[in-house]
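Now for the letters of each chain:
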Amino acid sequence: MHKKQDFLIRVIDDEQYVLDSLALLLDVNGYQSECYDNAEDFLISVAPSVPGCILSDIRMPRMSGMELLFKMNLSLADSD
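Residues numbered from 1 in each chain as written. Predicted model: local features only at pLDDT ≥ 70, side-chain atom pairs only at ≥ 80, totals over all residues. Heavy atoms only, no water.

**Student:** Explain helix α1 (residues 16-28) to me, please; I cannot follow it from the model alone.
**Tutor:** In an α-helix there are 3.6 residues to a turn, and that puts residues three or four apart on one side. For α1, with 13 residues, the first-to-last C-alpha span of 18 Å sits near the 18 Å given by 1.5 Å per residue. For α1, the secondary structure elements touched by its buried residues are β1 (8-12) and β2 (32-36). Residue Gly30 follows α1 closely and has a positive phi angle near 85°. (Helix = DSSP H or I, 4+ residues; strand = E, 2+ residues; numbered from the N terminus. Expected span 1.5 Å × (residues − 1). Contact = heavy atoms within 4.5 Å.)

Here it is as structure tokens:
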């Protein structure tokens, strides 16, 4: 069984107070997290070799959470 510290929760939201609150909540509960204030920065800096999950806002400027999901699915399909 994996420990909480073995996973990275990536939080994507355009509201800084949401990022700060979730980062604190995750940290207090023993989880590691990385926060991004937009989907583009997340896509540029993500390290897919680190297991974890994504917690994303749906309504963000420039690229929505649904657009992010679509782009991630496309890049997974391209790597097959």
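**Student:** Please explain the pattern of salt bridges as it appears in this structure.
**Tutor:** Pairs can form between side chains of opposite charge once their charged atoms are near each other. Counting across every chain of the model gives 1 salt bridge. Where Arg62 meets Glu40, a salt bridge forms, and the shortest distance between an N and an O atom there is 3.4 Å. Of this pair, Arg62 sits in the loop between β3 (52-56) and α3 (65-78) while Glu40 sits in helix α2 (residues 39-45), placing them 22 residues apart in sequence. Using a relative accessible area of 66% as the deciding quantity, one classes Arg62 as exposed. (Salt bridge = Lys/Arg side-chain N within 4 Å of Asp/Glu carboxyl O. Buried < 20%, exposed > 50% of the residue type's maximum accessible area, 1.4 Å probe, protein only.)

**Student:** Can you help me understand the pairing of β2 in this one?
**Tutor:** Taken residue by residue, a regular strand's side chains alternate between the two faces of the sheet. Direction of pairing for β1 relative to β2: parallel, over a ladder of 5 bridges. Looking at β2, one finds that Val11 is bridged to Cys35. In this region the chain leaves β1, passes through α1 and returns to the parallel neighbour β2; the handedness of that crossover is right-handed. (Pairing = 2+ DSSP bridges. Right-handed = clockwise from strand over helix to strand, strands pointing away.)

**Student:** Got a minute to help me understand the sheet that holds β3 in this structure?
**Tutor:** Within the open sheet, the 3 strands sit side by side as β2-β1-β3. Their pairing is parallel. In the strand order of this sheet, the two ends are held by β2 and β3, each with one partner. Between one strand axis and the next, the sheet turns through 20° on average, direction left out of account. In the sheet, β1 pairs with β3 via 5 bridges, with the strands oriented parallel. By the bridge assignment for β3, Ile9 is matched with Cys53. (Axes fitted to C-alpha atoms, helices over the stretch in contact; angles between N-to-C directions.)

**Student:** Help me understand the state of the cysteines, please; the structure alone is not making it clear to me.
**Tutor:** Note on terminology: disulfide describes a covalent bond linking the sulfur atoms of two cysteines. If you walk through the whole model with that rule in mind, you get 0 disulfides. Free cysteine: Cys35, not disulfide-bonded; nearest cysteine sulfur from Cys53 at 12 Å. (Disulfide = S-S within 2.5 Å.)

**Student:** How should I be thinking about the side chain of Asn38 in this particular structure?
**Tutor:** Mapped onto the elements of the fold, Asn38 is located in the loop between β2 and α2. At 3.2 Å, the side chain of Asn38 forms a polar contact with the backbone nitrogen of Glu40. Other than its neighbours up to four places away in sequence, Asn38 contacts Ile12 and Arg62. (Polar contact = N/O pair within 3.5 Å; in protein donor to acceptor, adjacent residues only side chain to side chain.)

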